[in-house]
Number of protein chains: 2
Amino acid sequence: MSTIINESSKPSCLVIGAGGVGVITTYSLFNAGLSEVSLVVRSDYEHVKQNGYSIESCDYGSISNWRPHHLFKTAHDAAQSGRFFDYIVVTVKNIPDGPKSGTVHEIVRPVVESNHQIDASRITSIMLIQNGLDIEKELLEHFDQNCYKLALLSGVQLIGSTKVGPGKVVQISADRLSVAPFDAVDEIAIERTKLFATMYNNEGHNEVKYENNVKYIRWRKLLYNAVINTTTALTQVDSARCQMLSRESNSTENCLWIPAMKEVIAIAASEGVTIDPKEMEFFLVLAKTFVYKPSMCIDYEKGQLMELEVILGNPLRIARKNGVSAPTLFVIYHLMTILQGKIKERQGIIRFNEKTIKVESVLE
Amino acid sequence: MSTIINESSKPSCLVIGAGGVGVITTYSLFNAGLSEVSLVVRSDYEHVKQNGYSIESCDYGSISNWRPHHLFKTAHDAAQSGRFFDYIVVTVKNIPDGPKSGTVHEIVRPVVESNHQIDASRITSIMLIQNGLDIEKELLEHFDQNCYKLALLSGVQLIGSTKVGPGKVVQISADRLSVAPFDAVDEIAIERTKLFATMYNNEGHNEVKYENNVKYIRWRKLLYNAVINTTTALTQVDSARCQMLSRESNSTENCLWIPAMKEVIAIAASEGVTIDPKEMEFFLVLAKTFVYKPSMCIDYEKGQLMELEVILGNPLRIARKNGVSAPTLFVIYHLMTILQGKIKERQGIIRFNEKTIKVESVLE
């Protein structure tokens, strides 16, 4: 991490997404002291403006009344602040099949536009700290990368952190962030990613690692997310019960998880990404030994849309394109889309007409 | 239906299972007037003894204060009544993986034993009006058929009937019962089945059909039960939503139901049972056009054990034995066993120890 940052030219970071993970991400940037840090806080805005955050963190200890340098209620407000944001750090969930207003390109749009108006020659880096595959493609479809001078950066985070109340966050497992440029030969993105790693590093507190191979990191994490996260959501149990409550105490592992993980490895291989099958063991042990409900299970139980398409839909589309058989993931995916549809109906995003037996679109 | 029954020698029938289906079954036997009909009523016993049943039936109209000839609180009480029951008609759910006290052989045991003591030379017919495959095997494992003089009869029923309150039943769709001997060359069972059909027949009200091929009838019904019943339970929606809430409005049908039905057909074929693929359409239309939650979905939502092993476990064991590939049913089954395990935990049949991450058996 050799990049030097002058006090006078500190990069400006805007974090969008103030959930359990977003707040720790923001604090990590703030605490390192190498950037000016803003945060978009939607629902908690008034509370945090008045009281700041109260954080219990395994990485940083007890923190109270903490605020980043700037707070905004919306990305629109941030855009209208007149500031140029060198980094837009996105920590919201990635739900391309949800309402348009919640898609990543719509979330960052006001800031990308205002940056462009303020200084059309300056680079805007967008760091997506999100799960799943092909998440950068949505941005490339909606913005001309050259015109907007975008550098697209990937962040894959292992962390256990939860917002437990207004302005209150509890972090129970250490923050380990892998960063990489989405395009491995984009020199500007490489440089921006390395700078981000420097800005994010809090020696002795968190771990940040610059990676060359963004694809490997993302595919490897799918061993857990496409397989264990999804099955716990379908059965609405913690991962240990998902294993132990099955017919025999190892049939979930043998009949669902291992076959599905092998399918992930096969699809990754068809994209030139080699995952050692030994990697499965790490996630299997994690799943079997913790009474822990992963994100999709929690989202489903809370009636929130799940990151289904980026975690499982996109890998399966790659499997189809490359002619890779993935029968286990295929069935899990199609069952999950029904759960996702239920949430959409409950949220009023779609309406199911019981008379005509038809789905009617409601929101755009 | 040429069998003649003399008033003086009316067969005696004991129906075990007074749910929505069992009560209509009992009424059908009673109304035909060709047998002496007893019913085991567990939870509603006092209510029904005092007030009788109140039934709204699409087959029989409005009926109030109706009681069969005899009521018993338990099968034990029936056994101790000193009566010989020519027919034991079982209409409870078939849950071989639940508590031992709820398995079919344990349910019928007191009556089979008392029949044997009363007259060891007289035939006891056991009519299983239940879903699934290989359900007679459990009885043959636990009773010596010759010693107890058992005739095993199969009933597959299409009916929509629900117990809506104590002693109150609403039947919304017509009763169509297919009966057959489990063993197609057992002359006594054939004769007893034909007699049952005669006793059950209510001309102009219900339909009862003697079939030669019990296997065909049971496999055909699995097109619905192993496929649509299970997927609605996994997603906890009615069958129309199960189809329409998926990613595309036909992806449940194309990616789950049709592949799974083809697997049922292939497994049946490996047992010498030919199901015309055109039969799929009947059940697909039924599923797509009715906002109806099938039994397993209802059972899961009520926290009751599902007929998973007879509906899906047994067909998959046959698939494995015969080397038939059934990847869709396989994944659905293993997900369903986790749901079944959750119900067992909630009912206290098993206990999951979160400290040791082990399942402990509680009830036998």
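Everything numeric in this text was worked out from a predicted model, so none of it was measured. (Residues numbered from 1 in each chain as written. Chains lettered and ligands numbered in written order. Predicted model: local features only at pLDDT ≥ 70, side-chain atom pairs only at ≥ 80, totals over all residues. Heavy atoms only, no water.)

(A) Region of interest: the overall build of chain A. Per the secondary structure count, chain A includes 14 helices and twelve strands. Principal-axis analysis of the C-alpha atoms places the extent of chain A at approximately 60 × 50 × 40 Å. Counting only residues that meet the buried cut, chain A has 58% of its 364 residues in that class. When contacts within chain A are restricted to residue pairs at least 6 apart in sequence, long-range pairs at least 24 apart make up 73% of them. When the accessible surface of chain A is totalled, it reaches about 14900 Å², and 50% of it is carbon and sulfur. (Helix = DSSP H or I, 4+ residues; strand = E, 2+ residues; numbered from the N terminus. Buried < 20%, exposed > 50% of the residue type's maximum accessible area, 1.4 Å probe, protein only. Contact = heavy atoms within 4.5 Å. Areas by Shrake-Rupley, 256 points an atom, 1.4 Å probe, with all protein chains shown as cover.)

(B) Structural context of the pattern of salt bridges. Applying the stated rule across the entire model yields 41 salt bridges over all chains. As a salt-bridge pair, Glu271(A) and Lys215(A) come within 3.6 Å of each other at their nearest N and O atoms. Placement of Glu271(A) in the loop between helix H10 (251-270) and helix H11 (279-289) and of Lys215(A) in helix H8 (residues 214-235) is noted, with a sequence separation of 56 residues between them. The class for Glu271(A) is partly exposed, based on a relative accessible area of 23%. Between Arg241(A) and Glu345(B) there is a salt bridge; the shortest N-O distance is 2.8 Å. Here Arg241(A), found in helix H9 (residues 239-244), pairs with Glu345(B), found in helix H14 (residues 327-347), and the two come from separate chains. (Salt bridge = Lys/Arg side-chain N within 4 Å of Asp/Glu carboxyl O.)

(C) Summary view of the pairing of strand E12 (residues 358-361) of chain B. Residue and element names in this part refer to chain B. Here strand E11 (residues 350-353) runs beside E12; their pairing, made up of four bridges, is antiparallel. Residue pairing for E12: Phe 352 is matched across the bridge by Val 359. Turn length for the E11-E12 hairpin, with the two strands adjacent in sequence and antiparallel, is four residues, and the turn residue Ile 357 shows positive phi of about 55°. (Pairing = 2+ DSSP bridges.)

(D) Region of the structure containing the domain arrangement of chain A. Residue and element names in this part refer to chain A. As assigned here, chain A comprises domain 1 (10-212) and domain 2 (217-350). Spacing between the C-alpha centres of domain 1 and domain 2 amounts to 26 Å. At the interface, 22 residues of domain 1 touch 19 residues of domain 2. Between domain 1 and domain 2, roughly 1900 Å² of surface is buried when both sides are summed, and carbon and sulfur atoms account for 59% of that area. The largest contributions to the domain 1 side of the interface with domain 2 come from Asp 97, Asn 131 and Leu 133, which together make up 36% of the buried area. Among the ionic pairs, Asp 97 bridges to Lys 344, the shortest N-O distance being 3.2 Å. Between the two partners, domain 1 and domain 2, sit 15 residue pairs in polar contact (both at pLDDT 80 or more). For the side of domain 1 that touches domain 2, the leading source of residues is strand E8 (residues 150-165), giving five residues. (Domains from an automatic or database assignment. Buried area = accessible area lost by both parts, 1.4 Å probe. Polar contact = N/O pair within 3.5 Å; in protein donor to acceptor, adjacent residues only side chain to side chain.)

(E) Representation of the UniProt feature "domain: Ketopantoate reductase C-terminal" (unreviewed entry) in chain A within the structure. Annotation from UniProt places "domain: Ketopantoate reductase C-terminal" (unreviewed entry) at residues 213-337 of chain A. The straight-line gap between the two end C-alpha atoms of residues 213-337 of chain A is 30 Å; of that span, 74% is helix and 0% is strand. (UniProt positions renumbered as here; feature names shortened; annotations may be inferred.)

(F) Up close: the environment of Ile159(A). All names here are of chain A. As for its placement among the helices and strands, Ile 159 is situated in strand E8. Between the C-alpha atoms of Ile 159 and Ser 239, which are 80 residues apart in sequence, the distance is 17 Å. Once residues lying within four places of it in the same chain are set aside, the contact partners of Ile 159 are Val 21, Ile 24, Gln 171, Ser 173, Ala 174 and Asp 175.

(G) Up close: the interface of chain A and chain B. Across the contact, 43 residues belong to chain A and 43 residues belong to chain B. Together chain A and chain B conceal approximately 3600 Å² of surface at their shared face, both sides included; 70% is due to carbon and sulfur atoms. Linking chain A with chain B are six salt bridges. The salt bridge involving Arg241(B) is made with Glu354(A); its shortest N-O contact spans 2.9 Å. Our enumeration of links across chain A and chain B arrives at 14 residue pairs in polar contact (both at pLDDT 80 or more). Those elements that provide at least two residues to the side of chain A that touches chain B are H8, H9, H10, H11, helix H13 (308-322), helix H14 (327-347), strand E11 (350-353) and strand E12 (358-361) of chain A. The dominant element in the side of chain A that touches chain B, judged by the number of residues it contributes, is H14(A), at 14 residues. A per-class count over the side of chain A that touches chain B returns 22 nonpolar, eleven polar and ten charged. (Nonpolar A, V, L, I, M, F, W, Y, C, P; charged D, E, K, R; others polar.)

(H) Spotlight on the side chain of Arg192(A). Here Arg192(A) lies in helix H7 (residues 187-200). Once you skip the residues sitting within four places of it in the chain, Arg192(A) turns out to touch Asp86(A), Tyr87(A), Ile123(A), Ser125(A), Ala151(A) and Leu153(A).

(I) A nonpolar patch on the surface, seen in detail. Together, Phe282(A), Leu286(A), Phe290(A) and Tyr292(A) give the surface a local cluster of nonpolar side chains, amounting to about 380 Å² of exposed area. Topologically, Tyr292(A) is positioned in the loop between H11 and helix H12 (295-302). (Patch = residues over 30% accessible without salt bridge, like charges linked within 9 Å, V, L, I, M, F, W, Y side chains within 5 Å.)

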